[in-house]
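# Residue-level structure breakdown
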Amino acid sequence: MIVCVAIVGHQNNPLYIQSFTEGDDALKLHHVVHCSLDVVDERVNNPKKSGPMLNETYLGLLYPTENYKVYGYLTNTKVKFILVTTDLDIKDADVRNFFRKFHAAYVDAVSNPFHVPGKKITSKTFAERISTIVKAFGLSSAG
């Protein structure tokens with residue numbers, strides 16, 4: 001189950017963070033997302049040490065914690081997408097497909113002429129689209 005998704009700008013400024021849990025987990029998930037940025041920077045700056053090629057946008061599993069697994073995706077414009085999940089056995093292809101849909105939704109949101117580049121994404125349509133993608137991911141990975 002996806003518990004959090006985030007979009008972080010090229011200057012490590014949060015553009016969009018959405019948690020899908022009840023309770024007080026939001027602050028903890030923000031911390032997990034923030035910590036994952038160090039791993040993304042390490043993979044981008046030291047490509048020989050990590051698996052993915054430099055031109056590969058999917059960064060794969062960034063790190064597992066006791067309760068979560070954190071996945072990353074980097075766009076050509078250095079915008080980072082972070083996925084935090086509680087599922088321990090997710091197929092890599094499912095995560096890649098999720099990030100493709102997530103990226104397409106992001107592109108549509110920032111292509112809006114009223115969106116100011118580098119500012120937080122506040123579109124209700126974008127939030128609904130992300131919720132739909134997250135729900136579809138939960139159904140596809142469960143079956």
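Up top is the structure.
Summarised in this report is the structure supplied together with it. Quick caveat, the model's predicted, so the values are computed rather than measured. (Residues numbered from 1 in each chain as written. Predicted model: local features only at pLDDT ≥ 70, side-chain atom pairs only at ≥ 80, totals over all residues. Heavy atoms only, no water.)

### What about the overall build of the protein chain?
The helix and strand tally for the protein chain stands at three helices and five strands. Counted from the first residue to the last, the protein chain has its helices and strands arranged as β-β-α-β-β-β-α-α. Scaling as 2.2 N^0.38, a compact globule of 143 residues should have a C-alpha radius of gyration of about 15 Å, and the protein chain matches this with 14 Å. In terms of its C-alpha atoms, the protein chain occupies a principal-axis envelope of roughly 40 × 35 × 30 Å. For the protein chain, buried positions account for 38% of its 143 residues. About 8500 Å² of surface is accessible on the protein chain, with carbon and sulfur atoms providing 54% of the total. Of the side-chain charges in the protein chain, 16 are positive and 14 negative, and the distance between the mean point of each set is 7 Å. (Helix = DSSP H or I, 4+ residues; strand = E, 2+ residues; numbered from the N terminus. Rg over C-alpha atoms; globule rule 2.2 N^0.38 Å. Buried < 20%, exposed > 50% of the residue type's maximum accessible area, 1.4 Å probe, protein only. Areas by Shrake-Rupley, 256 points an atom, 1.4 Å probe, with all protein chains shown as cover. Lys, Arg positive; Asp, Glu negative; His and termini not counted. Charge placed at Lys NZ, Arg CZ, Asp CG, Glu CD.)

### Some details on the side chain of His115
Within the secondary structure, His115 is located in the loop between helix H2 (92-110) and helix H3 (124-142). Overall, His115 belongs to the buried group, its relative accessible area being 17%. Sequence-distant contacts of His115, defined by excluding residues within four places in its chain, comprise Ala109, Val110, Lys120 and Ile121. (Contact = heavy atoms within 4.5 Å.)

### Here's the deal with the pairing of strand S2 (residues 14-19)
Where strand S1 (residues 2-8) and S2 come together, five bridges link them in antiparallel fashion. Counted as the bridge partner of Cys4 is Ser19 from S2. Between S1 and S2, which pair antiparallel one after the other, the connecting turn spans five residues, and Asn12 there sits at a positive phi close to 60°. (Pairing = 2+ DSSP bridges.)

### Regarding the nonpolar core
By size, the foremost hydrophobic cluster in this structure holds 25 residues, and its most contacted members are Val5, Ile7, Phe98, Phe99, Phe102, Phe126 and Ile130. Contributing elements (two or more residues each) for this core: S1, S2, strand S4 (69-74), strand S5 (80-85), H2 and H3. The leading source of residues in this core is H2, at seven residues. In terms of nonpolar packing, the next biggest core, distinct from the first, is built from 18 residues, Val32, Tyr68, Leu74 and Val84 among them. (Core = buried A, V, L, I, M, F, W, Y, C linked by side-chain atoms within 4.5 Å.)

### With respect to the environment of Val5
Checked against the element boundaries, Val5 lands in strand S1. Given a relative accessible area of 0%, Val5 falls into the buried group. Here the alpha-carbon distance between Val5 and His115, two residues 110 residues apart in the chain, equals 20 Å. Setting aside residues up to four positions removed in sequence, Val5 forms contacts with Tyr16, Ile17, Gln18, Phe20, Ile82, Leu83, Phe98, Phe102, Ile130 and Val134.

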